[in-house]
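Structural overview
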Amino acid sequence: MAEPIVELEDITFAYPSTGRVLDGLNFKLYLGDRIGISGPNGSGKTTLFHIIMGLLRPESGTVRIFGRTRKKEEDFREVRERIGLLMQDPDDQLFCPTVEEDIAFGPLNLGKPRDEVRRIVQDVIELLGLEGKERRFSYALSYGEKRLVSLATVLAMQPEVLLLDEPTAGLDEETYRKIVNFLNSRDGLTYCVVSHDLSLLEEVTDKVYRIMNGKLMC
Ligand SMILES: Nc1ncnc2c1ncn2[C@@H]1O[C@H](COP(=O)(O)OP(=O)(O)OP(=O)(O)O)[C@@H](O)[C@H]1O
Ligand SMILES: [Mg+2]
C-alpha cells in the first residue's frame, strides 16, 4: 500500500495552562481518503489540525507528512503550501481589506503570475457562488459569507489535501449544500472534516473517528 500523506505517531500535546489534550494519538491519511472526526468540545480536534499544519509542535511523537518527518518551522513550509486548512474561526483566516484580495493572497504568495491568480480567483468565486461579492469588505461580511470566503481562500491555493474544521457550522441550508456538493463532486479529493454534525459526516466522508481522551477511536 502507498505511504500515507499524513502520519501521526504517538502524539502527545498539552497547552501550558491546560492539562494534556492529545495523549498517544495515532492518525493516518492516505491519498483519496475522506475522513471525518467528531468529539466533544475541547477534546482536541482543532489542536490536532494545528499540529498537522505545524502551528503547534507536539511534546512527543512523530509527524510525518508527504513522506518526511516534520519538526522545525521550515519543514512545515511545504506542508502549508500543499495542505489547506479551513480554520474554525473565519476571523483567523481573513485579513485583507476585500474578498478578492483575501482570495488572491495565497496564490500570489506562492509566486503565481497575476493573470493566473485572476483566473483562479474568478474560478473559486464561481465555484462557491460568491459572484458580486468580490469588492466587499471581508470584515463586514456575515458569518456564513466569511465561512465561504475562507473556504475560497483555501481552495485558491489549489491544495492537494483539505483539513476542514467545522466547515458548515452556522450555515444556512443553501450554503451548507454548496459545501456538501463541492466535497462530493470532486473525485479523488483527499480531506479530513471535523464536525459535530454526524449527518454531514455521513454525507461527505467514508470513515469517521471520534476523539476521546486524547486519542482517535473508530
Ligand atoms: N491557546 C490555548 N491555550 C490554552 N488552552 C487551549 C488553547 N487552545 C485550546 N486550548 C484548550 O485545549 C483543549 C482542546 O481545544 P481544541 O480547540 O483543540 O478543542 P476542539 O475539540 O477543537 O473543541 P471544539 O469542538 O469546541 O472546537 C480545550 O480544553 C481548550 O480549552
Ligand atoms: Mg475546534
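Look a little higher up for the structure.
Heads up: these notes are all about the structure in this document. Note that the coordinates shown come from a computational prediction; the quantities given were computed from them, not determined experimentally. (Residues numbered from 1 in each chain as written. Chains lettered and ligands numbered in written order. Predicted model: local features only at pLDDT ≥ 70, side-chain atom pairs only at ≥ 80, totals over all residues. Heavy atoms only, no water.)

1. Some details on the side chain of glutamate 145
Basically, it comes down to this: By definition, any uninterrupted DSSP run of H or I lasting at least four residues is a helix, any uninterrupted run of E lasting at least two residues is a strand, and each is numbered from the N terminus. Only protein chains enter the accessibility calculation, which uses a 1.4 Å probe. A residue is then buried if its area is under 20% of the maximum for its type, exposed if over 50%, and partly exposed in between. N or O atoms closer than or at 3.5 Å make up a polar contact, with two conditions inside protein: a donor-capable atom paired with an acceptor-capable one, and, for residues adjacent in sequence, both atoms drawn from side chains. Whether two residues touch is decided by their heavy atoms; if any such pair falls within 4.5 Å, the residues are in contact.
Within the secondary structure layout, glutamate 145 lies in helix 5 (residues 143-155). Assessed through its relative accessible area of 18%, glutamate 145 is described here as buried. Among the polar contacts listed, one links the side chain of glutamate 145 to the side chain of arginine 136, at a separation of 3.3 Å. Discounting chain neighbours no more than four positions away, the residues touching glutamate 145 are Lys133 and Arg136.

2. Quick notes on the nonpolar core
This is how it is decided: Here, nonpolar core refers to any group of buried Ala, Val, Leu, Ile, Met, Phe, Trp, Tyr and Cys residues whose side-chain atoms link them within 4.5 Å.
Core analysis: the largest hydrophobic core is formed by 34 residues, its most contacted members being Ile103, Leu162 and Leu183. At the level of elements, helix 3 (99-109), helix 4 (114-127), helix 5, strand 7 (161-165), helix 6 (173-185), strand 8 (190-194) and helix 7 (198-204) are the ones that each hand at least two residues to this core. In contact with leucine 183, not counting residues within four places along its chain, are Arg34, Leu162, Leu164, Leu189, Tyr191 and Val204. With 33 residues, the next largest nonpolar core counts Leu25, Phe49, Ile52 and Met87 among its residues.

3. A word on unusual backbone geometry
A positive phi angle, near 55 degrees, is found at aspartate 10, a position not held by glycine. Within the secondary structure, aspartate 10 is located in strand 1 (residues 6-14). Unusually for a residue other than glycine, glutamate 166 sits at a positive phi of about 55 degrees.

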